[in-house]
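# Structural description and commentary
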Amino acid sequence: MTNKIALLREKVNENPDDKEAQTEFANALFNGAMDLSEEAKYEEADKLIDELIEFADENYENPDVLLYYGKTILNAMPIYFGRSSQTDLKGKINHLRELAIKTQNEPLREILSMILVNAIYDFSLSSQTPSISEFSLELSDLSRIYPKNNKIQIAGARGMMNTVLYFLQKNDHIAALKHFKNLMKIVEANPREEMVDSRKLLELKEYFKY
């Protein structure tokens, strides 16, 4: 894999405008980073991920490069939790968000929504309330902006559910109710989809007398 990456890196350097070569290189960096992560070679994986982040910044007009970049961050997030500081984690999320906004790339927004769901859960383990509120608000906004995107709608509902449960655990019923209302907006806008655990949703409806 290392040799393949080196060859593709050279190919891209020789032909920086070759879209096919860009895509091949981004794919190789993605596969290499995932393989190294599975082997617990995290520092080597981090180098490939950092290279892909920089490559995506330079070639953001190629949607395939953006897709491999997004998939890499999504799959690497569980590895970063426990290894990186929350500042570093938020930095990677913020960078992806900025690139998604800059490019108006909807698949990258889908990946961002999935990352935010995971971040809400993981940040809740260390009671990072401001970050959880921020991520949940962003999911709510994404759900509103992309009402026809099923992946974003499902991510929004799941993230909102996790946020409601977090605030109930913290006995912050005002915040829990606020996010429950956002959850119900998404659920009711998608009546044909079972977006969250139906039993848990029923319990929340009874709790909030909805």
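Residues numbered from 1 in each chain as written. Predicted model: local features only at pLDDT ≥ 70, side-chain atom pairs only at ≥ 80, totals over all residues. Heavy atoms only, no water.

## Re the overall build of the protein
Applicable threshold: Strands are runs of DSSP state E lasting at least two residues, helices are runs of H or I lasting at least four, and both sets are numbered from the N terminus onward. Only protein chains enter the accessibility calculation, which uses a 1.4 Å probe; a residue whose area is less than 20% of its type maximum is buried, one above 50% is exposed, and one in between is partly exposed. Here a residue-residue contact requires only that any non-hydrogen atoms of the pair lie within 4.5 Å.
Helices and strands together make up the secondary structure of the protein, namely ten helices and zero strands. For the protein, the α and β elements follow one another from N to C terminus as α-α-α-α-α-α-α-α-α-α. For the protein, the spread of C-alpha atoms along the three principal axes comes to 65 × 35 × 25 Å. In the protein, buried positions account for 49% of the 210 residues. Long-range pairs, those at least 24 residues apart, make up 62% of the contacts in the protein with a sequence separation of at least 6.

## Here's the deal with the confidence of the model for the protein
Our working definition: How sure the predictor is of each residue is captured by pLDDT, a score from 0 to 100.
Here the protein averages 94 in pLDDT, while 100% of its residues score no lower than 70. Per-element confidence in the protein is highest for helix α8 (residues 150-169), whose mean pLDDT is 97, and lowest for helix α1 (residues 2-14), whose mean pLDDT is 90.

## Description of the packing of aromatic side chains
Our working rule: What counts as a ring pair is set by centres within 6.5 Å for rings of Phe, Tyr and Trp (its six-membered ring), and what kind of pair is set by the plane angle: stacked under 30 degrees, edge-to-face over 60, tilted for all other angles.
Applying the stated criterion to the full structure yields seven aromatic pairs. Note on Phe25 and Phe55: the rings are 5.0 Å apart at their centroids and 90° apart in plane angle, and the pair reads as edge-to-face. Note that Phe25 is positioned in helix α2 (residues 19-38) and Phe55 in helix α3 (residues 42-58), a separation of 30 residues in sequence. There is no split in this pair, since Phe25 and Phe55 are both buried. Relative to Phe208, the ring of Phe180 lies with its centre 4.6 Å away and its plane at 25°, an arrangement referred to as stacked. Taken as a pair, Phe180 in helix α9 (residues 173-189) and Phe208 in the segment after α10 (198-207) lie far apart in primary sequence, 28 residues in all. Looking at Phe180, the relative accessible area reads 1%, which means it is buried. An aromatic cluster is present here, built from Phe180, Tyr207, Phe208 and Tyr210 joined pairwise through their rings.

## Regarding a negative patch on the surface
Definition in use: Only residues whose relative accessible area exceeds 30% and that form no salt bridge are eligible for patches; like-charged ones are grouped when within 9 Å, while nonpolar side chains (Val, Leu, Ile, Met, Phe, Trp, Tyr) are grouped when within 5 Å. Every accessible area reported is derived by Shrake-Rupley at a probe size of 1.4 Å, with residue values counting cover from the shown protein chains alone. The working definition used for a salt bridge is a side-chain nitrogen of Lys or Arg within 4 Å of a carboxyl oxygen of Asp or Glu. The charge count includes Lys and Arg as positive and Asp and Glu as negative, but it does not include His or the ends of the chains. Charge positions come from single atoms, namely NZ of Lys, CZ of Arg, CG of Asp or CD of Glu.
Taken together, the side chains of Asp50, Glu54, Asp57 and Glu58 make up a negatively charged region of the molecular surface. Considering the arrangement of structural elements, one finds Asp57 in helix α3. Assessed through its relative accessible area of 34%, Asp57 is described here as partly exposed.

## A closer look at helix α7 (residues 129-145)
Here is the rule: Given the number of residues in a helix, its expected span is that number minus one, multiplied by 1.5 Å.
Between its first and last C-alpha atoms α7 spans 24 Å; for 17 residues at 1.5 Å apiece the expected length is 24 Å, and the two agree. Taken together, the buried positions of α7 are occupied by Ser131, Ile132, Phe135, Ser136, Glu138, Leu139, Ser140, Leu142 and Ser143. Where α7 is buried, its residues contact α5 (86-103), α6 (106-124), α8 and α9.

## Quick word on the packing of helix α4 (residues 63-80) against α6
Put simply, the test is: Between N-to-C directions, angles span 0 to 180 degrees; the directions come from axes that are lines fitted to C-alpha atoms, helices contributing only their stretch in contact. Here roughly perpendicular refers to angles of 65 to 115 degrees, roughly parallel to angles under 35, roughly antiparallel to angles over 145, and oblique to all remaining angles.
Interaxial distance between α4 and α6 falls to 9 Å at its minimum, and their mutual angle equals 5°. When the interaxial angle is binned, α4 and α6 end up roughly parallel. Counting all contacts with α4, which are made through Leu66, Leu67, Tyr69, Gly70, Lys71, Ile73, Leu74 and Met77, the residues of α6 involved are Pro107, Leu108, Ile111, Met114, Ile115 and Asn118.

## Things to note about the pattern of salt bridges
Applying the stated criterion across every chain, the model contains ten salt bridges. Residues Lys41 and Glu39 are paired through a salt bridge, measuring 3.3 Å at the closest nitrogen-oxygen approach. On the basis of relative accessible area, Lys41 is assigned to the partly exposed category, the value being 37%. For Arg144, the salt bridge is made with Asp141, and the minimal N-O distance between the two is 3.5 Å. With Arg144 and Asp141 both in helix α7, this residue pair falls three residues apart, about one helical turn. Since its relative accessible area comes to 30%, Asp141 is described here as partly exposed. Each member of the salt-bridge network shares a partner with another, and the members are Lys90, Arg97, Glu134 and Glu138.

## Looking at α5
End to end, α5 covers 26 Å across 18 residues, agreeing with the expected 26 Å (1.5 Å per residue, within 8%). All of the buried residues along α5 are Leu89, Lys90, Lys92, Ile93, His95, Leu96, Arg97, Leu99 and Ala100. Along its buried surface, α5 packs onto α3, α4, α6 and α7.

## Points about the nonpolar core
To keep it simple, the criterion reads: In this description, a nonpolar core means a group of buried Ala, Val, Leu, Ile, Met, Phe, Trp, Tyr and Cys residues linked to one another through side-chain atoms lying within 4.5 Å.
Tyr69 and Leu183 are the most contacted members of the largest nonpolar core, which totals 70 residues. Those residues within four positions of Leu183 in sequence are excluded, and the remaining contacts are Ala157, Met160, Met161, Val196, Leu201 and Leu204.

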